[in-house]
Structures are given as C-alpha cells and as structure tokens.
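Listed below are the residues making up each chain.
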Amino acid sequence: MSKLFYTIGETAEILGENVSLVRYWSGYFEKFLKTSRTARGDRRYTPEDIETLKQIHFLVKDQGLTLDGAARQLSADKAPVEGRVKALESLKAIRAQLVEIKKSL
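1. What to know about the layout of surface pockets
- The calculated volume of the largest pocket comes to roughly 210 Å³.
- Taken together, Ile14, Leu15, Lys54, His57, Phe58, Asp62, Val85, Leu88, Glu89 and Lys92 form the lining of the largest pocket.
- Class assignment of the residues belonging to the lining of the largest pocket gives a composition of 5 nonpolar, 1 polar and 4 charged.

2. Notes on the pattern of salt bridges
- Counted according to the given criterion, the structure contains 4 salt bridges.
- Between glutamate 89 and lysine 54 there is a salt bridge whose closest N-O contact spans 3.1 Å. One end of the pair, glutamate 89, is in helix H5 (residues 79-104); the other, lysine 54, is in helix H3 (residues 47-62), and 35 residues separate them in sequence.
- Here the salt bridges share partners, and the residues they tie into one network are Glu51, Lys54 and Glu89.

3. Observations concerning the nonpolar core
- Counting 22 residues, the largest nonpolar core has Val22, Trp25, Phe29, Leu53 and Ile56 as its most contacted members.
- The set of elements that each furnish at least two residues to this core consists of helix H1 (8-15), helix H2 (19-28), H3 and helix H4 (67-76).
- Examining the composition of this core, we find that 6 residues originate from one element, H3, more than from any other.
- Dropping the residues within four chain positions of it, tryptophan 25 is found in contact with Leu33, Leu53, Ile56, His57, Val60, Lys61 and Leu67.

4. Section: the side chain of aspartate 49
- Structurally, aspartate 49 is set in helix H3.
- When residues no more than four places from it in sequence are discounted, the contact partners of aspartate 49 are Leu33, Lys34, Thr35 and Arg44.

5. Observations concerning the packing of aromatic side chains
- Following the criterion strictly, the structure yields 3 aromatic pairs and no others.
- With a centroid separation of 5.1 Å and an interplanar angle of 65 degrees, the aromatic rings of tyrosine 28 and phenylalanine 29 are classed as edge-to-face.
- Over the ring of phenylalanine 5 we find arginine 44, and its NZ or CZ is 3.9 Å from the ring centre.

Rules of the game
Residues numbered from 1 in each chain as written. Predicted model: local features only at pLDDT ≥ 70, side-chain atom pairs only at ≥ 80, totals over all residues. Heavy atoms only, no water. 1 Å grid on protein atoms, 1.4 Å probe; cavity = no way out; pocket = protein on both sides within 12 Å on 5 of 7 lines; lining within 4 Å. Points joined across faces, edges and corners; volume = space filled by probe spheres on them. Nonpolar A, V, L, I, M, F, W, Y, C, P; charged D, E, K, R; others polar. Salt bridge = Lys/Arg side-chain N within 4 Å of Asp/Glu carboxyl O. Helix = DSSP H or I, 4+ residues; strand = E, 2+ residues; numbered from the N terminus. Core = buried A, V, L, I, M, F, W, Y, C linked by side-chain atoms within 4.5 Å. Buried < 20%, exposed > 50% of the residue type's maximum accessible area, 1.4 Å probe, protein only. Contact = heavy atoms within 4.5 Å. Phe/Tyr/Trp six-rings, centres within 6.5 Å; stacked < 30°, edge-to-face > 60°. Lys NZ or Arg CZ within 6 Å of the ring centre and 35° of its normal.

In short, the description is geometric, and any link to function would need to be established separately.
What follows is the structure in structure tokens.
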C-alpha cells in the first residue's frame, strides 16, 4: 500500500466487500479504527485501518465469529490474528501465481 489515505470505495475493493459493510464495520469497530473525514464528510482510511479491517474480515467471514466475538478477539491480542491474516494473504497470492502458471502451460 503506497497511499496515505484510501476512500471507502477503495477500501471495500481491497477487502472484496460492499461499501455498506465497510461503513457498518467502521461504526461498529470505531475504537479500533482511526478513520478521518474530509471536509465533505467522506471517510478516509489509513493503511493501518485497512489492516485492522482485514483482521475483522478474517475473524468474521473466515473464522465465523460474531461482531462482538471479533471485538473481544481484537481487544485481547491482535498478534495471533495478524499472523493468520498475513499467512492467508500469502497463500492467496501464491495460489493466484500458480493459476497464472497453469494458464500459460
């Protein structure tokens, strides 16, 4: 990630989710996110916010936790969640590369 701030649309695209879901999570997990707003009221997300949203996405969508369960998990210790999210992203990238190699054969 090379930008300082991302729009809600860019953030939703990175997560592969709807803008409305990102907006909802922003309100629900506001204690974990440091989103700011422009003069027009548009949300701006930092790369750290996007990493936190990726962790929330992992806990809710992949692990099947409720929103309250995900909030408790983030409050308890973020390090194990970060490691699992990074590993999952690496595996997805490797799979995409293997699919490309298979197509080129």
